[in-house]
Amino acid sequence: MEDESSEVTAKGAVENHFRAAVAWGIFAEKSEGIEGMVKGGSTSVIDVSTIRNEAVRSALVSSIARSIYHLRLEARRSYERIMMGDKDIEKGIPMVWLFIDEAQQFLPSGGSTLASDVLLNEWLKQGRQPGLSLVLATQRPSSIHPDVLSQSDIVICHRLTSQDDISVLESVRPTYMKENFGDSIMKMGSEKGVAFVVDDNTEAAHIIRMRPRLSWHGGDDPAIIS
């Protein structure tokens, strides 16, 4: 290390941290960067499930989400300048939809993670202005941060059996809903693919049915008899 202003012990500590970071499996010699990851008309899948350390997973999600947010702010300003007649401006990255599965890991109901601040304050609360949309999926609504439901424009709820989960949804029930969540979920029955949708944009609630899954699914229940 060529840094002559730092103590030898400080340099050694930094080297040890970088050696430990190699085992995380999130660094590569070559990378396309966020611009290469976010392209119009394409989808990028980032699997962080193999990263065992929860803090590292959250730090990675935080870094990606914050980078996209700031790049979209720049792209929004570029768009406004182009609309005003400035032709020598790069458009920047397109509007982005960010999907996060098992969202309670990054936005827990109690406490916070390294990704909580950027997802709540920049994406959920301020993301509309720069053209960012956030889709969060969880099997336990009671385990996710309460601001997620209160800030969501659309809630899609499949069948729930836990009273805690139903109570959390009931706590944010909009005034235009004539029935409570519990009664609406009971009307869904036990058929697979049926969901209850609450849409704040149209101020309406609907029961819908998803088409059958046509792709390979690695999470099927094991069967005793094949």
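Residues numbered from 1 in each chain as written. Predicted model: local features only at pLDDT ≥ 70, side-chain atom pairs only at ≥ 80, totals over all residues. Heavy atoms only, no water.

Let's hear about the sheet that holds strand S5 (residues 204-209): which residues, and what values?
Taken in spatial order, the three strands line up as S3-S4-S5 in an open sheet, and their pairing is antiparallel. Only two strands of the sheet have a single neighbouring strand rather than two, namely strand S3 (154-157) and S5. Strand-to-strand twist of the sheet, defined as the mean angle between neighbouring strand axes without regard to direction, takes the value 20 degrees. (Pairing = 2+ DSSP bridges. Helix = DSSP H or I, 4+ residues; strand = E, 2+ residues; numbered from the N terminus. Axes fitted to C-alpha atoms, helices over the stretch in contact; angles between N-to-C directions.)

Residue-level account of the side chain of arginine 72, with values.
Here arginine 72 lies in helix H3 (residues 54-83). Buried charge arginine 72 goes without a salt bridge, the closest partner of opposite sign being glutamate 80 at 8.9 Å. Setting aside anything within four residues of it in sequence, one finds arginine 72 in contact with Ile93, Pro94, Met95, Pro130, Gly131 and Leu132. (Buried < 20%, exposed > 50% of the residue type's maximum accessible area, 1.4 Å probe, protein only. Lys, Arg positive; Asp, Glu negative; His and termini not counted. Salt bridge = Lys/Arg side-chain N within 4 Å of Asp/Glu carboxyl O. Contact = heavy atoms within 4.5 Å.)

So what's going on with H3? Residues and values would help.
In this model H3 runs 43 Å from its N-terminal to its C-terminal C-alpha over 30 residues, within 8% of the 44 Å that 1.5 Å per residue would give. At the N-terminal boundary of H3, the capping side chain belongs to asparagine 53, with an oxygen 2.9 Å from the backbone nitrogen of alanine 55. Positive phi appears at glycine 85, one or two residues downstream of H3, with a value of about 110 degrees. (Expected span 1.5 Å × (residues − 1). Polar contact = N/O pair within 3.5 Å; in protein donor to acceptor, adjacent residues only side chain to side chain.)

Mind laying out the pairing of strand S4 (residues 194-199), listing which residues take part and the relevant values?
Burial runs high along S4: six of the six residues are buried. Side-chain alternation along S4 places Val194, Phe196 and Val198 on one buried face and Ala195, Val197 and Asp199 on a second face that is also buried. Sheet analysis places S3 next to S4, joined by four bridges and oriented antiparallel. The residue bridging valine 155 from the neighbouring strand is valine 198, located in S4. Strand direction decides the pairing type here: S4 and S5, joined by six bridges, are antiparallel.

Requested: an account of the packing of H3 against helix H4 (residues 116-124), with residues and values cited.
Pairs of packed helices are described in terms of their axes, by the angle between the two and the distance that separates them. Relative to each other, H3 and H4 sit at 25 degrees, their axes nearing to 9 Å. Accordingly, the angle class assigned to the pair H3 and H4 is roughly parallel. Of the two elements, H3 crosses H4, and the hand of that crossing is left-handed. On H4, the residues touching Val61, Ser62, Ala65, Arg66, Ile68, Tyr69 and His70 of H3 are Asp117, Val118, Leu119, Glu122 and Trp123. (Parallel < 35°, antiparallel > 145°, perpendicular 65-115°, else oblique. Left-handed = near helix turned anticlockwise from the far one by under 90°.)

Quick one: what's the story with the pattern of salt bridges, residue by residue and with numbers?
All told, the structure shown has 10 salt bridges when counted by the stated rule. Its salt-bridge partner being glutamate 170, residue arginine 173 comes within 2.4 Å of it at the nearest N-O pair. Its relative accessible area of 25% is what places glutamate 170 among the partly exposed residues. Shared partners join several salt bridges into a network, and the residues in it are Arg66, Asp117 and Glu122.

Lay out the side chain of glutamate 122 in plain terms, naming residues and giving numbers.
As for its placement among the helices and strands, glutamate 122 is situated in helix H4. The exposure class assigned to glutamate 122 is buried, which follows from its relative accessible area of 13%. If near-sequence neighbours (up to four positions away) are discounted, glutamate 122 is found in contact with Arg66, Tyr69, His70, Asp117 and Gly127.

Outline helix H6 (residues 163-171), supporting the account with residue identities and numerical values.
What H6 keeps buried is the set Asp165, Ile166 and Leu169. The buried residues of H6 occupy an angular sector of 95 degrees when projected down its axis, which confines them to one face. Facing away from the buried side of H6 by more than 90 degrees, the exposed set consists of Gln163, Asp164 and Ser171. Where the residues of H6 are buried, they touch helix H5 (146-151), S3 and helix H7 (181-187). (Arc of directions from axis to C-beta.)

How would you sum up the nonpolar core? Please name residues and give values.
Within the largest apolar cluster, 30 residues are counted, with the highest numbers of intra-cluster contacts made by Ile68, Val96, Leu98, Ile100, Phe106, Leu119 and Trp123. Of all the elements in the fold, those that place two or more residues in this core are H3, strand S1 (96-100), H4 and strand S2 (132-136). Sorting elements by how many residues they give to this core places H3 first, with nine residues. If near-sequence neighbours (up to four positions away) are discounted, isoleucine 68 is found in contact with Ile34, Val38, Ile93, Val96, Trp123 and Leu132. If you look at the next biggest cluster of nonpolar residues, it comprises 13 residues, including Met177, Met188, Val194 and Phe196. (Core = buried A, V, L, I, M, F, W, Y, C linked by side-chain atoms within 4.5 Å.)

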